[in-house]
Amino acid sequence: VVAGSSATLTFAAGTPAGSTLYYTTDGSDPRAYGGGVSASAQSIASGGTLPINTSRVIRVRTRNGTTWSALDEAS
């Protein structure tokens with residue numbers, strides 16, 4: 001990974017209004033056991049960018065109310 005690289009996180013097509021995008025960079029799931037938000041998860045606006053300076057796994061889910069999307073990840 002080149003220092004100063006970034007990843008842009010966006011909603012999938014058809015994501016309901018009012019949804020929140022959560023991600024982790026430590027390889028954990030943004031959704032906690034039981035359906036809450038994981039303590040290591042952070043929210044980001046759709047179209048937000050993450051600085052990437054080292055190799056890592058980014059896991060992302062969208063939450064609308066109590067409904068979570070499927071887990072998406074990239075490394």
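Our subject in this report is the structure included herewith. It should be emphasised that the depicted structure is a prediction, and the values quoted were computed from it without experimental measurement. (Residues numbered from 1 in each chain as written. Predicted model: local features only at pLDDT ≥ 70, side-chain atom pairs only at ≥ 80, totals over all residues. Heavy atoms only, no water.)

### What about the overall build of the protein?
So, step 1. Scanning the protein from terminus to terminus reveals zero helices and seven strands.
So, step 2. Mapped from its N terminus to its C terminus, the protein presents α and β elements in the order β-β-β-β-β-β-β.
So, step 3. What you see for the protein is a C-alpha radius of gyration of 12 Å, in line with the 11 Å of a compact globule of 75 residues.
So, step 4. For the protein, the C-alpha atoms occupy an extent of roughly 35 × 25 × 15 Å along the three principal directions.
So, step 5. With 75 residues in all, the protein has 25% of them scored as buried.
So, step 6. In the protein, the proportion of contacts linking residues at least 24 apart, taken out of those at least 6 apart, comes to 59%.
So, step 7. Of the roughly 4,600 Å² of accessible surface on the protein, 50% is carried by carbon and sulfur atoms.
So, step 8. Between the averaged position of the 5 positive side-chain charges in the protein and that of its 4 negative side-chain charges there is a distance of 5 Å. (Helix = DSSP H or I, 4+ residues; strand = E, 2+ residues; numbered from the N terminus. Rg over C-alpha atoms; globule rule 2.2 N^0.38 Å. Buried < 20%, exposed > 50% of the residue type's maximum accessible area, 1.4 Å probe, protein only. Contact = heavy atoms within 4.5 Å. Areas by Shrake-Rupley, 256 points an atom, 1.4 Å probe, with all protein chains shown as cover. Lys, Arg positive; Asp, Glu negative; His and termini not counted. Charge placed at Lys NZ, Arg CZ, Asp CG, Glu CD.)

### Details of the pattern of salt bridges
So, step 1. Across all of its chains, the model carries two salt bridges by this definition.
So, step 2. A salt bridge links Asp 29 to Arg 61; its shortest N-O distance comes to 2.7 Å. You can see Asp 29 sitting in the loop between strand S2 (20-24) and strand S3 (42-44) and its partner Arg 61 sitting in strand S5 (residues 58-64), a full 32 residues away along the chain.
So, step 3. Arg 61 gets classed as buried once you look at its relative accessible area, which sits at 7%.
So, step 4. In this structure, the salt-bridge partner of Glu 73 is Arg 59, at a minimum N-O distance of 2.8 Å. Of the two residues, Glu 73 sits in strand S7 (residues 72-74) while Arg 59 sits in strand S5, which places them 14 residues apart along the sequence.
So, step 5. Classification of Glu 73 as partly exposed rests on a relative accessible area of 44%. (Salt bridge = Lys/Arg side-chain N within 4 Å of Asp/Glu carboxyl O.)

### What about the side chain of Thr 24?
So, step 1. In this structure, Thr 24 sits in strand S2.
So, step 2. Within polar-contact distance, the side chain of Thr 24 engages the backbone oxygen of Ser 28 at 2.4 Å.
So, step 3. Those residues in contact with Thr 24 that lie beyond four places of it in its chain are Asp 29, Pro 30, Ser 40, Ala 41, Val 57, Ile 58 and Arg 59. (Polar contact = N/O pair within 3.5 Å; in protein donor to acceptor, adjacent residues only side chain to side chain.)

### Quick look at the layout of surface pockets
So, step 1. Roughly 220 Å³ of internal volume is contained in the largest pocket.
So, step 2. Elements supplying a minimum of two residues to the lining of the largest pocket: S5 and strand S6 (67-68).
So, step 3. Class assignment for the residues of the lining of the largest pocket results in eight nonpolar, seven polar and three charged. (1 Å grid on protein atoms, 1.4 Å probe; cavity = no way out; pocket = protein on both sides within 12 Å on 5 of 7 lines; lining within 4 Å. Points joined across faces, edges and corners; volume = space filled by probe spheres on them. Nonpolar A, V, L, I, M, F, W, Y, C, P; charged D, E, K, R; others polar.)

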